[in-house]
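Here is how the chains run, residue by residue.
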Amino acid sequence: MALPAQQLQYDDALLDAYSATVADAVDRIGPAVCRIERIERIGGPGGHGSGFVIAQDGLVVTNFHVVGDARSVRVSMPDGASREGCVLGRDTDTDIALVRADGNFADVAPLGDSKRLRRGQIAIAIGNPLGFEWTVTTGVVSALGRSMRASTGRLIDDVIQTDAALNPGNSGGPLVSSAGEVIGVNTAMIHGAQGIAFAVASNTANFVISEIIRFGRVRRAFIGVSADTTNLQRRAALLSQVSSSTAVRLRTVEKNSPAAKAGLREGDIIAAIDGRPVTGVDDLVRMLDAERIGRETLCTVVRRSGIAQVTVMPLARAS
């Protein structure tokens, strides 16, 4: 049965609005997206991926696995300009690297607040897949708070799942919201799967970038857990004396780790650290900074048996 003309006009208007939203976001972020090539060294292979400029003085974000252990890279922009850059720092635990490219850049891609994301929100991936430079794909945010393994074998927490198509070469490029802000750094796809790809959340990337700029590396306290963001029931929030509706659930606790020695268990929900709400995995990552190394840290834990206060002594994480 044919649709009424009014319905067709309404559908056309929705499609036009969607197209305009995506095009506007691409116009805003696209000029700041670059192709990154590892400068080949004797005995070492070259490689390439994507990245994006976050500061006019040439700070570029990409993936660790794009730059590897290279000291120098070539940064190519959509306008044809090509510049050499040096790798300022890299964090294997989150697959994030920071590059300083020569010269000044007029276009930058601002990092948004990934904590404000919702499932179903428009997600736009921009990058250089399979040699097809500055390609745009779209989809939605499929899930939040995922975990995936980095090349080191450690889990990257607070990962965004999207169905925006990613292919080799997209790595390091931005995942963009409809507001034209970077909400994630595209990092992986699952081979053989359709519509399942992942990006490191922008809040995690922002933390890593700040640490590299200040210290040249990411300093972290280590307690030996992996976690997911989870809902916090109102009663549990009241008993924990936090106002948040979310917290983190421990997925694994490593043997003989500070968490295990303190008595934390798989399934425990951490609602607060030293009285500050832990609203998600990105909060947990930020709170376990270098200042907590060797310092007693009080975790407010929600269990079926009630609320427990557990004191953990974080260690320095090996680089």
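Since the structure is predicted, the reported quantities are computational estimates derived from the model, not experimental observations. (Residues numbered from 1 in each chain as written. Predicted model: local features only at pLDDT ≥ 70, side-chain atom pairs only at ≥ 80, totals over all residues. Heavy atoms only, no water.)

For T279, the position within the fold is in the loop between β17 (276–277) and α6 (281–287). A distance of 2.5 Å separates the side chain of T279 from the side chain of D283, its partner in a polar contact. If near-sequence neighbours (up to four positions away) are discounted, T279 is found in contact with K115, T229, S244, T246 and A247. (Helix = DSSP H or I, 4+ residues; strand = E, 2+ residues; numbered from the N terminus. Polar contact = N/O pair within 3.5 Å; in protein donor to acceptor, adjacent residues only side chain to side chain. Contact = heavy atoms within 4.5 Å.)

Further remarks concern the pairing of strand β3 (residues 59–63). The buried count for β3 comes to five of five residues, which makes it a mostly enclosed element. Summarising the sheet, β3 and strand β6 (residues 96–101) pair through five bridges and their orientation is antiparallel. Pairing of T62 across the sheet is with A97, part of β6. (Buried < 20%, exposed > 50% of the residue type's maximum accessible area, 1.4 Å probe, protein only. Pairing = 2+ DSSP bridges.)

Take the packing of aromatic side chains next. Using the criterion set out here, one finds zero aromatic pairs in the structure. Between the NZ or CZ atom of R83 and the centre of the ring of F105, over which it lies, the distance is 4.2 Å. (Phe/Tyr/Trp six-rings, centres within 6.5 Å; stacked < 30°, edge-to-face > 60°. Lys NZ or Arg CZ within 6 Å of the ring centre and 35° of its normal.)

Further remarks concern the environment of A125. Mapped onto the secondary structure, A125 falls in strand β7 (residues 122–127). Given a relative accessible area of 0%, A125 falls into the buried group. Sequence separation of A125 and V136 is 11 residues, and the distance between their C-alpha atoms is 5.8 Å. Excluding residues within four positions of it along the chain, A125 makes contact with T135, V136, T137, A164, A165, L166, P174, L175 and N186.

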